[in-house]
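Here's the letter readout for the chains.
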Amino acid sequence: MRIKLHHTKYIARRVARDLVNCDFVEIRKTKEEITQEIERILVEDIENEYDLDEKVAEILDAQEDEIEFLHADYRQLFWMTKKRMANEFGVILNNEDRFSDVAHQILDFLWEEDYIHYDCSDNKIKNVIFTSIDEFLKGFEKADAVVLEKVKNYKRKLIPGTEEYDIVYNRLYEEELIKKGLM
């Protein structure tokens, strides 16, 4: 599963929590500062992919007439073009490799900027970060399904996209993540 923009604050909290709770990591900044930087790194990664998607869409839009004439599958062309241009934008398309890369970016930043200190191997810390991201995303799907069901059966009818819906959804979502130990 891909990381979406609305996941970043939850994943950042989870990673920070797991690092703070590690016996082999010395925390040198506040949990909130660490969370903020992790979220920034996650958002940059996602925005990088959005930039790639926009460029691919731009290229395919310029070829719209030819695509229509050939009755080509737009989604397949989009994916093939995205795959071809991913390296140019520094986007890793394989989720496991991508999460590993993001974990390295987070680790490198936190170490270099003296947010954390440790005496074990880099891989051990990177694995803590990677596992946090991976477990969160696996639990996200389950939590999201539970929350959507709760919102659907809510006493008042909530309209998706409204401020009230977002407030209720986010509150229920956070409660569900806490119940599942994801946050």
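Summarised in this report is the structure supplied together with it. (Residues numbered from 1 in each chain as written. Predicted model: local features only at pLDDT ≥ 70, side-chain atom pairs only at ≥ 80, totals over all residues. Heavy atoms only, no water.)

1. Description of unusual backbone geometry
And step 1. Its identity as a non-glycine residue notwithstanding, H71 has a phi of 55 degrees, on the positive side.
And step 2. If you trace the backbone, H71 turns up in the loop between α3 (64-70) and α4 (74-89).
And step 3. Unlike most non-glycine residues, D114 shows phi in positive territory, near 60 degrees.
And step 4. Among the secondary structure elements, D114 is positioned in the loop between α5 (95-112) and β2 (116-118). (Helix = DSSP H or I, 4+ residues; strand = E, 2+ residues; numbered from the N terminus.)

2. Re the pattern of salt bridges
And step 1. Evaluation of the coordinates by the stated rule reveals 18 salt bridges.
And step 2. The salt bridge partner of R17 is D18, with a shortest N-O separation of 3.1 Å. Just as R17 is buried, D18 falls in that class too.
And step 3. Residues K138 and D134 are paired through a salt bridge, measuring 3.1 Å at the closest nitrogen-oxygen approach. Note that K138 and D134 are positioned in helix α6 (residues 122-152) at a spacing of four residues, about one turn of the helix.
And step 4. Looking at K138, the relative accessible area reads 53%, which means it is exposed. (Salt bridge = Lys/Arg side-chain N within 4 Å of Asp/Glu carboxyl O. Buried < 20%, exposed > 50% of the residue type's maximum accessible area, 1.4 Å probe, protein only.)

3. Details of the nonpolar core
And step 1. In terms of nonpolar packing, the biggest core is built from 42 residues, with L19, I38, L110, I129, I133 and Y173 touching the most fellow members.
And step 2. Contributions of two or more residues to this core are made by α1 (8-20), α2 (31-62), α5, β2, α6 and α7 (163-179).
And step 3. Each residue touching L19, except ones within four places of it in the same chain, is listed here: V25, I27, I38, L110, I125, V128 and I129.
And step 4. If you look at the next biggest cluster of nonpolar residues, it comprises eight residues, including V56, F78, A86 and V91. (Core = buried A, V, L, I, M, F, W, Y, C linked by side-chain atoms within 4.5 Å. Contact = heavy atoms within 4.5 Å.)

4. Details of α1
Spacing of three or four residues puts side chains on the same side of an α-helix, whose turn is 3.6 residues.
And step 1. The terminal C-alpha atoms of α1, which comprises 13 residues, lie 18 Å apart, in line with the 18 Å expected from a rise of 1.5 Å per residue.
And step 2. Here α1 lies mainly inside the structure; ten of its 13 residues are buried.
And step 3. Taken together, the buried positions of α1 are occupied by T8, Y10, I11, A12, R14, V15, A16, R17, D18 and L19.
And step 4. Contacts made by the buried residues of α1 are with β1 (25-27), α2, α5, α6 and α7. (Expected span 1.5 Å × (residues − 1).)

5. So, the packing of aromatic side chains
And step 1. Enumeration according to the criterion identifies eight aromatic pairs in this entry.
And step 2. Taking 4.7 Å as the distance between ring centres and 50 degrees as the angle between the ring planes, the aromatic pair formed by W111 and Y118 counts as tilted.
And step 3. Judged by relative accessible area, Y118 falls into the buried class, the value being 7%.
And step 4. Between the aromatic rings of Y169 and Y173, the centroid separation amounts to 5.6 Å while the plane-to-plane angle is 10 degrees, which identifies the pairing as stacked. Of this pair, Y169 and Y173 both sit in helix α7, separated by four residues, roughly a single helical turn.
And step 5. Of the residues examined, Y169 reaches a relative accessible area of 12% and is grouped as buried.
And step 6. Look at Y173 and you get buried, because its relative accessible area is 0%.
And step 7. Grouping aromatic residues by their ring pairs yields a cluster made of Y10, F136, Y165, Y169 and Y173. (Phe/Tyr/Trp six-rings, centres within 6.5 Å; stacked < 30°, edge-to-face > 60°.)

6. Some details on the environment of N170
And step 1. Residue placement: N170 occurs in helix α7.
And step 2. Classification of N170 as partly exposed rests on a relative accessible area of 32%.
And step 3. Taking the C-alpha atoms as reference points, N170 and I125, 45 residues apart in sequence, are found 30 Å from one another.

7. Section: the environment of E26
And step 1. Here E26 is to be found in strand β1.
And step 2. Sequence-distant contacts of E26, defined by excluding residues within four places in its chain, comprise Y115, I116 and H117.
And step 3. In this structure the side chain of E26 is engaged in a polar contact, spanning 3.2 Å, whose partner is the side chain of R28. (Polar contact = N/O pair within 3.5 Å; in protein donor to acceptor, adjacent residues only side chain to side chain.)

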